[in-house]
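Analysis of the macromolecular model
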Amino acid sequence: MTHLSHRRADQALVVIPTYNERETIAEAIRRLREATKDSAQILVVDDHSPDGTGALVRELQAGVPGLHLVERASKLGLGTAYVDGFEIGIANGYWALVEMDADLSHDPAAVPQLLAALVDADLAIGSRYIPGGYVEDWSTGRKWLSRVGNSYARAWLGFPLRDATSGFRAYRTDFLAMQDLGSVSSQGYGFQIEMARRVFRAGGRIVEVPITFTDRTLGRSKMSKRIAIEAMTSVTAWGFQDRMAAMRGLFGARRPGNQSATDRHDR
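One structure accompanies this document, and this report is about it. (Residues numbered from 1 in each chain as written. Predicted model: local features only at pLDDT ≥ 70, side-chain atom pairs only at ≥ 80, totals over all residues. Heavy atoms only, no water.)

**A few points about the overall build of the protein chain**
The condition that has to hold: In this description a helix means any DSSP run of H or I spanning at least four residues, a strand means any run of E spanning at least two, and both kinds are numbered starting from the N terminus. Relative accessibility under 20% of the residue-type maximum defines a buried residue, over 50% an exposed one, and the middle range a partly exposed one, all with a 1.4 Å probe and only protein chains included. Any two residues having at least one pair of non-hydrogen atoms within 4.5 Å are treated as being in contact. Surface accessibility follows the Shrake-Rupley procedure with a 1.4 Å probe radius. Residue values consider only the protein chains on display as shielding.
What the protein chain contains, in helices and strands, is nine helices and nine strands. Within the protein chain, the fraction of its 267 residues that count as buried is 49%. Within the protein chain, contacts between residues separated by at least 24 positions form 80% of all contacts whose residues are at least 6 apart in sequence. Of the roughly 13,000 Å² of accessible surface on the protein chain, 54% is carried by carbon and sulfur atoms.

Spelled out as structure tokens, the structure:
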């Protein structure tokens, strides 16, 4: 497991997955350092970016205290990048773990707000769809897709989240350490929804913090029809699993051998 040096026990770790983000990663790191000062360190997880993102981060490390880099051998996906980063953060004892994109669509200045929300929560989600939240520069079609995806996840999975697909969020490390991260398999939208579902089903407290999301102006979005379809397919499967589990619990409770001591005494 990667050891991150010069860490304080009260620091958070901001995990930033990258694939061809050379145009924006330096500015994202600069703004993040400015916003968090000494309260957070940064871990870039780069998937062997052909544009040299990893090489640029290595250069930046000389002048940026608390900047760490994991370079993976190939493009392994967003979900596994976050899981790898979370496992490193857990092993190194950070109190909180933050997800943030490298393309400046997530404003680094909002990270302290997410961390402050963890005082009374296990997961703080930067939400575009609660009062005070906003999306800038998205097409009507992209807004519609995001809204529909979130409405479907909320209805089918039964949790009261307005923005379960947001990739700008913070977790309490002690709560995340109790989850089976090795069994997480989703990517993109699906990963964010799956993690929110896991926290919700484990009894964790989730809060939403309003953010302004600004569409990227440099580089190319990683969003695709395949990722959206994967997310909706996964949500449908999870919904069925939850309903089947609830039915098994209901019928199991009605079996003759499962009466409580009070029930047996009252017969």
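**Section: helix α1 (residues 22–36)**
Short version of the rule: Between the first and last residue of a helix there are one fewer steps than residues, each counted as 1.5 Å, and that sum is the expected span. In this context, the arc is that of the directions from the helix axis out to the C-beta atoms.
An ideal rise of 1.5 Å per residue puts 21 Å on 15 residues; α1 measures up with 22 Å between its terminal C-alpha atoms. Within the sequence span of α1, burial applies to Thr24, Ile25, Ala28, Ile29, Leu32 and Thr36. For α1, the buried positions fall inside an angular range of 140 degrees around the axis, keeping them on one side. Across from the buried face of α1, at angles greater than 90 degrees, the exposed residues are Glu23 and Glu34. Residues of α1 that are buried in the fold lie against β1 (12–18), β2 (40–46), α2 (53–61), β3 (67–71) and α4 (111–117).

**As for unusual backbone geometry**
Despite not being glycine, His48 shows a phi value in the positive range, around 55 degrees. Tracing the backbone shows His48 in the loop between β2 and α2. Given a relative accessible area of 54%, His48 falls into the exposed group. Even without a glycine there, the phi angle at Leu104 is positive, about 75 degrees. Relative to the assigned elements, Leu104 resides in the loop between β4 (96–99) and α4.

**Some words on the nonpolar core**
Convention followed: Only buried residues count toward a nonpolar core. Its members are Ala, Val, Leu, Ile, Met, Phe, Trp, Tyr and Cys residues joined through side-chain atoms within 4.5 Å.
Judged by nonpolar contacts, the single largest core of 33 residues is most densely connected at Phe86, Phe159, Ile193 and Met195. Mapped onto this core, the elements with two or more residues apiece are β1, β2, α3 (78–91), β5 (123–127), α5 (140–157), α6 (173–176), α7 (188–201) and α8 (225–254). Within the second largest apolar cluster, 31 residues are counted, among which are Ile16, Val98, Ala110 and Val209.

**Remarks on the side chain of Glu99**
Heads up, the condition is: Positive charge is attributed to Lys and Arg, negative charge to Asp and Glu, and no charge count is given to His or to the chain ends. What counts as a salt bridge is simple: a side-chain nitrogen of Lys or Arg found within 4 Å of a carboxyl oxygen of Asp or Glu. Any N or O atom pair separated by 3.5 Å or less is treated as a polar contact, with the protein-specific requirement of one donor-capable and one acceptor-capable atom, and with residues adjacent in sequence counted only for side-chain atom pairs.
Tracing the backbone through its elements, the reader meets Glu99 in strand β4. Put simply, Glu99 is tucked away with no salt bridge, and the nearest opposite charge, on Arg169, sits 4.4 Å away. At a separation of 3.4 Å, a polar atom in the side chain of Glu99 contacts the side chain of Tyr171. Not counting chain neighbours up to four residues away, the residues in contact with Glu99 comprise Val15, Tyr82, Phe86, Gly167, Phe168, Arg169, Tyr171, Phe191 and Gln192.

It is worth stressing that arrangement in space is one thing and function is another; only the former is reported here.
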